Amino acid sequence: MDMTELPRVLQQLWGIEGRQRPGPKPAFHLSDIGRAAIKLADAGGLAAVSMSKVAAELGFTTMSLYRYVDAKDDLYVVMLDHAFGEPPALEQATWRERTTAWAEAFRDAMVRHPWILQVPIFEPPLSPNQLAWMEQGLRAFDDTSLTPAERVSSMLLVNIYVRGAVQITADMQTRSAEEAQEADRLYDARLKLLADPERFPAIVAGLVEDTGHADDGDPSEFSFGLDTVLDGIQARIDGRA
């Protein structure tokens with residue numbers, strides 16, 4: 001495929017000179033549009049982002065915005081690339097430490113911008129920063145016996161875990177500490193009322209009598225799940241020894 005056959009938004013993000021649209025010289029860079037859209041999404045969620053609102057944020061008309069992006073899906077590509085930014089440098093000694101650092105940075109990006117979880121995923125990432133994150137995630141498995149295909153699958157497994165863990169707590173993190181504590185107390189009380197020991201013995205056994213549930217987004221809960229995922233990958237690696 002000729003590089004100029006890439007979607008226009010990818011040509012711009014990668015700095016590829018494709019066919020130019022007719023009209024005056026662009027007054028903004030694609031990064032300006034990305035920052036404006038991110039500002040709207042951070043304040044009001046993905047639903048707050050529209051071509052007209054982004055154009056208004058930048059001070060020009062909706063139609064002029066189409067000189068930069070062809071559709072809202074292209075706008076999402078720009079937003080994601082700028083919201084994640086460049087991945088962290090992974091200089092840790094072991095694959096497990098590197099993958100943990102990558103996963104924590106990935107989590108932190110989504111916690112900063114919860115609307116990321118609302119963006120529809122139609123295809124694997126192709127923008128510069130997104131591919132850089134993928135590259136770092138794969139390089140984390142350097143010095144392991146995993147095949148290239150297994151490294152991709154392992155990285156995706158970690159990615160899926162992190163997204164799921166953040167998704168579970170994303171809506172809850174808008175609550176104050178007092179609201180979260182009261183919600184946990186109410187849930188415990190209702191669960192104890194409804195969970196009959198004979199029908200739900202495992203649930204009853206897991207109830208914490210004194211301290212209630214872990215705080216929403218508790219790092220220890222995230223670490224437990226991530227460690228369990230990495231244990232599975234380690235078992236795959238050990239099986240090749």
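About the criteria used
- Residues numbered from 1 in each chain as written.
- Predicted model: local features only at pLDDT ≥ 70, side-chain atom pairs only at ≥ 80, totals over all residues.
- Heavy atoms only, no water.
- Helix = DSSP H or I, 4+ residues; strand = E, 2+ residues; numbered from the N terminus.
- Buried < 20%, exposed > 50% of the residue type's maximum accessible area, 1.4 Å probe, protein only.
- Contact = heavy atoms within 4.5 Å.
- Areas by Shrake-Rupley, 256 points an atom, 1.4 Å probe, with all protein chains shown as cover.
- Salt bridge = Lys/Arg side-chain N within 4 Å of Asp/Glu carboxyl O.
- Expected span 1.5 Å × (residues − 1).
- Patch = residues over 30% accessible without salt bridge, like charges linked within 9 Å, V, L, I, M, F, W, Y side chains within 5 Å.
- Phe/Tyr/Trp six-rings, centres within 6.5 Å; stacked < 30°, edge-to-face > 60°.
- Lys NZ or Arg CZ within 6 Å of the ring centre and 35° of its normal.
- Core = buried A, V, L, I, M, F, W, Y, C linked by side-chain atoms within 4.5 Å.
- Axes fitted to C-alpha atoms, helices over the stretch in contact; angles between N-to-C directions.
- Parallel < 35°, antiparallel > 145°, perpendicular 65-115°, else oblique.
- Left-handed = near helix turned anticlockwise from the far one by under 90°.
- Nonpolar A, V, L, I, M, F, W, Y, C, P; charged D, E, K, R; others polar.
- Polar contact = N/O pair within 3.5 Å; in protein donor to acceptor, adjacent residues only side chain to side chain.

Trainee: Looking at this structure, I do not really get the overall build of the protein chain. What am I missing?
Mentor: Check the secondary structure of the protein chain and you find 11 helices and 0 strands. Each of the 241 residues in the protein chain was classed as buried or not, and the buried ones make up 40%. In the protein chain, of all internal contacts separated by at least 6 residues, the share reaching a separation of at least 24 is 71%. When the accessible area of the protein chain is evaluated, it comes to approximately 14,400 Å², of which 57% is carbon and sulfur surface.

Trainee: What am I meant to see in the pattern of salt bridges here?
Mentor: Proximity of charged atoms lets side chains of opposite charge pair with each other. Here the structure, examined in full by the defined rule, presents 9 salt bridges. Put simply, Asp-70 and Arg-8 hold a salt bridge, and the shortest N to O gap is 2.7 Å. Residue Asp-70 is found in the loop between α4 (62-65) and α5 (72-84), and its partner Arg-8 is found in helix α1 (residues 8-14); the two are separated by 62 residues along the sequence. Between Lys-39 and Glu-57 there is a salt bridge, and its shortest N-O distance comes to 3.0 Å. Here Glu-57 lies in helix α3 (residues 51-58) and Lys-39 lies in helix α2 (residues 30-44), a separation of 18 residues in the sequence.

Trainee: Could you clarify how one ought to interpret α2 in this entry?
Mentor: Side chains of residues three or four places apart in an α-helix project in the same direction, reflecting 3.6 residues per turn. In a regular helix each residue adds 1.5 Å, so 15 residues correspond to 21 Å; α2 covers 21 Å between its end C-alpha atoms and thus fits that length. For α2, every residue scored as buried is listed here: Leu-30, Ser-31, Ile-33, Gly-34, Ala-36, Ala-37, Ile-38, Leu-40 and Ala-41. Just past α2, the residue Gly-45 takes up positive phi, approximately 80°.

Trainee: What is the right way to read a nonpolar patch on the surface from this model?
Mentor: A surface patch of nonpolar side chains, amounting to about 260 Å² of accessible area, comprises Val-152, Leu-156 and Ile-160. Turning to its location among the elements, Val-152 is positioned in helix α8 (residues 148-170).

Trainee: What's the story with α8 in this structure? I'm lost.
Mentor: Taking 1.5 Å of rise per residue, the 23 residues of α8 would be expected to cover 33 Å, and the 33 Å separating its terminal C-alpha atoms lies within 8% of that figure. Packed against the buried residues of α8 are α6 (95-112), α7 (128-139) and α11 (219-238).

Trainee: I'm lost on the environment of Leu-58 in this one. Help?
Mentor: Inspection of the secondary structure assignment puts Leu-58 in helix α3. For the pair Leu-58 and Asp-32, spaced 26 residues apart in sequence, the C-alpha to C-alpha distance is 8.0 Å.

Trainee: I would appreciate a short explanation of the packing of aromatic side chains in the present structure.
Mentor: Each pair of aromatic rings is reported with the distance of its centres and the angle of its planes. Under the defined criterion, the tally for this structure stands at 8 aromatic pairs. Through a chain of ring-to-ring contacts, three or more aromatic side chains come together here, namely Phe-84, Trp-102, Phe-106 and Trp-133. A cation over an aromatic ring shows up here: Arg-107 above the ring of Phe-222, its NZ or CZ 4.5 Å from the ring centre.

Trainee: Explain the nonpolar core here, please?
Mentor: Buried together is how nonpolar side chains tend to be arranged in soluble globular proteins. Of all hydrophobic cores here, the largest spans 56 residues; its most connected members are Val-54, Met-79, Trp-115, Val-158, Val-162 and Ile-233. Mapped onto this core, the elements with two or more residues apiece are α1, α2, α3, α5, α6, α8 and α11. Looking at which element gives the most residues to this core, the answer is α6, with 8 residues. Setting aside anything within four residues of it in sequence, one finds Val-158 in contact with Thr-99, Trp-102, Ala-103, Leu-226, Val-229, Leu-230 and Ile-233.

Trainee: I keep staring at the packing of α2 against α3 and nothing clicks. Help me out?
Mentor: Remark: α2 packs on α3, axes separated minimally by 9 Å, with the N-to-C direction vectors making an angle of 110°. Considering their axes alone, α2 and α3 lie roughly perpendicular with respect to each other. Seen along the crossing, α2 lies across α3 with a hand that is right-handed. Where α2 approaches α3, its residues Asp-32, Ile-33, Ala-36, Ala-37, Lys-39 and Leu-40 are matched on the opposing element by Lys-53, Val-54, Glu-57 and Leu-58. Looking at the contact of α2 with α3 residue by residue, the class counts come to 6 nonpolar, no polar and 4 charged.

Trainee: How should the environment of Trp-115 be read in this particular structure?
Mentor: Turning to its location among the elements, Trp-115 is positioned in the loop between α6 and α7. The sequence separation of Trp-115 and Leu-46 amounts to 69 residues, and the corresponding C-alpha distance is 5.4 Å. When neighbours within four sequence positions are excluded, Trp-115 is seen to be in contact with Ile-38, Ala-41, Asp-42, Gly-45, Leu-46, Met-79, Leu-80 and Ala-83. In terms of polar contacts, Trp-115 uses its side chain to reach the side chain of Asp-42, at 2.7 Å.

Trainee: Help me understand the packing of α6 against α8, please; the structure alone is not making it clear to me.
Mentor: Axes are the key here: two packed helices are described by the angle between their axes and the distance separating the axes. Contact geometry of α6 with α8 gives a least axis separation of 10 Å together with a crossing angle of 35°. Crossing handedness for the pair α6 and α8: right-handed. Of α8, the residues touching α6 (which contributes Thr-99, Trp-102, Ala-103, Phe-106, Arg-107, Met-110 and Val-111) are Met-155, Val-158, Asn-159, Val-162, Arg-163 and Val-166. When its residues are assigned to classes, the contact of α6 with α8 shows 9 nonpolar, 2 polar and 2 charged.

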